[in-house]
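Spelled out, the chains give:
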Amino acid sequence: MVNRPYPPTIEYNTYQVDTRLTEGVIARRFWSYLIDLFVIALWVVLISIGIFFLGIITLGLGWGLFFALPLTALIFIVYNAVTIGGPNQATVGMRIMGLRVIDPATGRGVSMLAAAVHALFFYVAISTFLLWLCDVLVGFLRNDGRFIRDLLTGMMIIRVD
């Protein structure tokens, strides 16, 4: 037998985030969310127009796709996964408001899966007012402004300007 400590110790180099980068993030997140709502609403309107014209071309058969329009709620999750998990590390609203999403342990971007789960947590929390209130309250009480969903998915929102 080899004399080794059990369990093995692992040394992680942690990335230190300057607290000045998280000042004012909560207000910017609110405005960026409103901008993102507008962007996604624009997509839903474009899809609706496309379904309308498809219905005209197919003599009314394409209008049956309007019943699938509630599935466009998945656009929110895909939108967040692609934009936050992508090279810009931010949604359109976040980029306009000067925000970026990082992994606080490494300082690098987050994966698309983590971004999708983060969006799913947000929409579950916002569907119940009490859960959303607790989520936001934690953000106001923490120095770094991280909400519960940020802590669960290992994300941090920072300013880039």
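Shown above is the structure to which this text applies.
Now for a look at the structure at hand. It should be emphasised that the depicted structure is a prediction, and the values quoted were computed from it without experimental measurement.

Some details on helix α1 (residues 25-57)
Okay, so step 1: Here α1 spans 47 Å end to end across 33 residues, near enough to the 48 Å set by a 1.5 Å rise per residue.
Okay, so step 2: Taken together, the buried positions of α1 are occupied by V25, I26, R28, R29, S32, D36, V39, I40, S48, I51 and G55.
Okay, so step 3: L59 sits one or two positions beyond α1 and adopts a positive phi of about 60 degrees.

Describing the pattern of salt bridges
Okay, so step 1: For the structure shown, the criterion picks out 4 salt bridges.
Okay, so step 2: A salt bridge links R29 to D150; the nearest nitrogen and oxygen atoms lie 2.6 Å apart. One end of the pair, R29, is in helix α1; the other, D150, is in helix α6 (residues 148-153), and 121 residues separate them in sequence.
Okay, so step 3: A salt bridge links D135 to R149; its shortest N-O distance comes to 2.1 Å. Here the residue D135 occupies a position in helix α5 (residues 129-141), and R149 occupies one in helix α6, the gap between them amounting to 14 residues.

Some thoughts on the packing of aromatic side chains
Okay, so step 1: Within this structure, the stated rule accounts for 7 aromatic pairs.
Okay, so step 2: Where F30 meets W31, the ring centres are 5.0 Å apart and the plane angle is 75 degrees; that geometry is what we call edge-to-face.
Okay, so step 3: Relative accessible area serves as the criterion here: at 46%, F30 is assigned to the partly exposed category.
Okay, so step 4: For W31, a relative accessible area of 48% puts it in the partly exposed group.
Okay, so step 5: Centroid distance F76 to Y123: 5.1 Å. Interplanar angle 55 degrees. Geometry classified as tilted.

A word on unusual backbone geometry
Residues other than glycine predominantly adopt negative phi, and peptide bonds predominantly adopt the trans conformation.
Okay, so step 1: Positioned with a positive phi, L59 is a non-glycine residue whose angle comes to about 60 degrees.
Okay, so step 2: Structurally, L59 is set in the loop between α1 and α2 (74-84).
Okay, so step 3: Among the residues examined, L59 registers a relative accessible area of 79% and is labelled exposed.
Okay, so step 4: For Q89, which is not glycine, the phi dihedral falls at a positive 60 degrees.

The rules behind these values
Residues numbered from 1 in each chain as written. Predicted model: local features only at pLDDT ≥ 70, side-chain atom pairs only at ≥ 80, totals over all residues. Heavy atoms only, no water. Helix = DSSP H or I, 4+ residues; strand = E, 2+ residues; numbered from the N terminus. Expected span 1.5 Å × (residues − 1). Buried < 20%, exposed > 50% of the residue type's maximum accessible area, 1.4 Å probe, protein only. Salt bridge = Lys/Arg side-chain N within 4 Å of Asp/Glu carboxyl O. Phe/Tyr/Trp six-rings, centres within 6.5 Å; stacked < 30°, edge-to-face > 60°.

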